[in-house]
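Working through the structure, step by step
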Amino acid sequence: MGRQKGYSKLSCDRCQSSTFVSDGSTDSQSWHDISHLNSMAAAGGHAPSTLTLCDDCYKSFQRYATNGDALFDKWLRSGKGQES
Ligand SMILES: [Zn+2]
């Protein structure tokens, strides 16, 4: 078969699973690149880090991020003089 091009190796930064997929295939579309900014980076004005996640970990991340956003919003609204 010789050398074949147009493939990428994808590795999940959370669960460490990995696979080879042909570029542009439906398999490659079930992997996701996300940006994450932790509090230290945000305070220092640094760029967010980029992570690659498999589809299962991406769905888990979406739930986690939604909960984190809700906690942050609750914290922001709990300041002095704010309605709770
Ligand atoms: Zn994963």
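Residues numbered from 1 in each chain as written. Predicted model: local features only at pLDDT ≥ 70, side-chain atom pairs only at ≥ 80, totals over all residues.

Here we take up the pairing of strand β1 (residues 7–11). As defined by bridge partners, β1 adjoins strand β2 (residues 18–22) across 5 bridges and the pair is classed as antiparallel. Bridge pairing links S11 to S18 in β2. In textbook terms, the turn of a hairpin is the stretch between consecutive antiparallel strands, and for β1 and β2 this stretch comprises 6 residues, one of which, Q16, has a positive phi near 70 degrees. (Pairing = 2+ DSSP bridges. Helix = DSSP H or I, 4+ residues; strand = E, 2+ residues; numbered from the N terminus.)

With respect to the helices and strands, the residue G44 is situated in the loop between α1 (39–43) and β4 (49–53). Of the residues examined, G44 has 7 C-beta atoms within 10 Å and is grouped as exposed. For the pair G44 and F72, spaced 28 residues apart in sequence, the C-alpha separation works out to 18 Å. (Buried ≥ 20, exposed ≤ 12 C-beta atoms within 10 Å, placed from the backbone.)

Next up on the list: unusual backbone geometry. Among all residues save glycine, negative phi is the norm, and among peptide bonds the norm is trans. One non-glycine residue with positive phi stands out, namely Q16, at about 70 degrees. Inspection of the secondary structure assignment puts Q16 in the loop between β1 and β2. Q16 sits in the exposed class, given 9 other C-beta atoms within 10 Å.

Relative to the elements of secondary structure, Q62 occurs in helix α2 (residues 55–77). Separated by 35 residues in the primary sequence, Q62 and D27 place their C-alpha atoms 20 Å from one another.

Attention now moves to α2. For α2, built from 23 residues, the straight-helix expectation of 33 Å at 1.5 Å per residue is met to within 8% by its first-to-last C-alpha distance of 33 Å. Of all 23 residues making up α2, only 1 are buried, and the element is barely covered by its neighbours. (Expected span 1.5 Å × (residues − 1).)

For the rest of this paragraph, the subject is the confidence of the model for the protein. Within the protein, residue pLDDT values average 91, and 96% of them lie at 70 or more. Ranking the elements of the protein by mean pLDDT puts α1 last, at 89, and β4 first, at 96. (pLDDT = per-residue confidence, 0-100.)

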